[in-house]
Amino acid sequence: MPGRANGRPRTDLVAIVDLGSAAVRFIIARIRPSARYDVVVEERVPTRLGGGAPGTLPARAITKTLRAVHRFFARYSPQRREGPRVVAIATSAVRDALNRERLLDPLRRDEGIEVRILSARDEARLGVAAVSMASLPLGAVRTTHQFLRHDPPTRQELRVFRDVIRDRLRPALPAAGRGGQLIGLGGTMRTLASIYLRATPGERKHRNGLVLHQSDVTAIRERLEALSARRRRKIRGLRSERADIILAGAMVVEDVMVFGGYLRLVICTRGVRDGLLFQEAAKRRR
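This report concerns the structure included in the present document. (Residues numbered from 1 in each chain as written. Predicted model: local features only at pLDDT ≥ 70, side-chain atom pairs only at ≥ 80, totals over all residues. Heavy atoms only, no water.)

### Topic: the packing of aromatic side chains
To keep things clear, this is the line we draw: Pairing of aromatic rings covers Phe, Tyr and Trp, the last through its six-membered ring, and needs centres within 6.5 Å; plane angles under 30 degrees mean stacked, over 60 mean edge-to-face, and all others mean tilted. Here a strand is any run of E in DSSP of at least two residues, a helix any run of H or I of at least four, and the numbering for each starts at the N terminus. Think of it in three bands: residues with accessible area under 20% of the maximum for their type are buried, residues over 50% are exposed, and the middle band is partly exposed, with areas taken using a 1.4 Å probe on protein chains only.
For the coordinates displayed, the defined rule picks out four aromatic pairs. Centroid distance Phe-26 to Phe-72: 4.3 Å. Interplanar angle 10°. Geometry classified as stacked. One end of the pair, Phe-26, is in strand S4 (residues 23-31); the other, Phe-72, is in helix H1 (residues 59-76), and 46 residues separate them in sequence. On the basis of relative accessibility, which here comes to 1%, the residue Phe-72 falls in the buried class. Consider the rings of Phe-72 and Tyr-76, whose centres lie 4.9 Å apart with planes at 50°: the pair is tilted. Of the two residues, Phe-72 and Tyr-76 both sit in helix H1, four residues apart, roughly one turn of that helix. Exposure remark for Tyr-76: the relative accessible area of 33% places this residue in the partly exposed category.

### Description of the sheet that holds strand S6 (residues 85-90)
Stated precisely, the cut-off is as follows: A strand pair is defined by DSSP finding two or more bridges across the two strands. Axis angles are defined between N-to-C directions and span 0 to 180 degrees, where every axis is a line fitted to C-alpha atoms and, for a helix, only to the segment in contact. Any two residues whose heavy atoms approach within 4.5 Å are treated as being in contact.
Spatial ordering of the open sheet is given by S5-S4-S3-S6-S7, a layout of five strands whose pairing is mixed. Two strands close off the open sheet at either side, each with one partner strand: strand S5 (37-46) and strand S7 (115-117). Adjacent strand axes in the sheet meet at a mean angle of 20° when their direction is disregarded. H1 contacts strand S3 (12-19), S4, S5 and S6 of the sheet and is inclined by roughly 145° relative to S5.

Put into structure tokens, the structure is as follows:
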């Protein structure tokens, strides 16, 4: 139970650890009595947990993740008793890995962190809290390593990957209602928005709320498809660490729009970790 100082409710410091497929993200936030929160610290460390063979977390990615977690808490919570309350989650890369205990056991044993493995339904529900819709095994890191192995990908690889995307979307994708639009969040969405904004200077500055039309996404995908990862790194708005995986992400987004009948994609820069913070803030209000 939160205490009180000078007759007023004390704030609650919470640390979110989000073990994603491409990176581990850290947030320390101060939960206010009014069920709001202020982000105090936010960091992102690329790890590529989703970059191994199907069902496997790469050893190098596990090591990078463990080091990142240790460094973060050593820096911001040197005395754990006085540090923030930790809420740690893992999504599809860890959920689907047969060797996940190689990551989870050291976190539990050495850092005192118990990681909650989100189901696909949990992941989607938290995304809804931050504005989301569905969770499918079509992450950019995973699908790049599975299907787009040449650089740039061959026509055969692109054709096979297209078929896989459509097979997985067909039973799960709701059709757009009249005037419906798609809400997109995650690293691929933020990257597509950045590429679009850097290519159209003066239109607006912020990614959150940006509307991309189906033709905008197709134009970006066509541009990426023609380039090697090395040449993609020269594209303004594209982080070098995402140069090899952004094409897969763009292909998935394009097909979601085409086969779902969505003409507009609204970019949301929030994510699952924000949904967690909303939940924590709501608990504080009770």
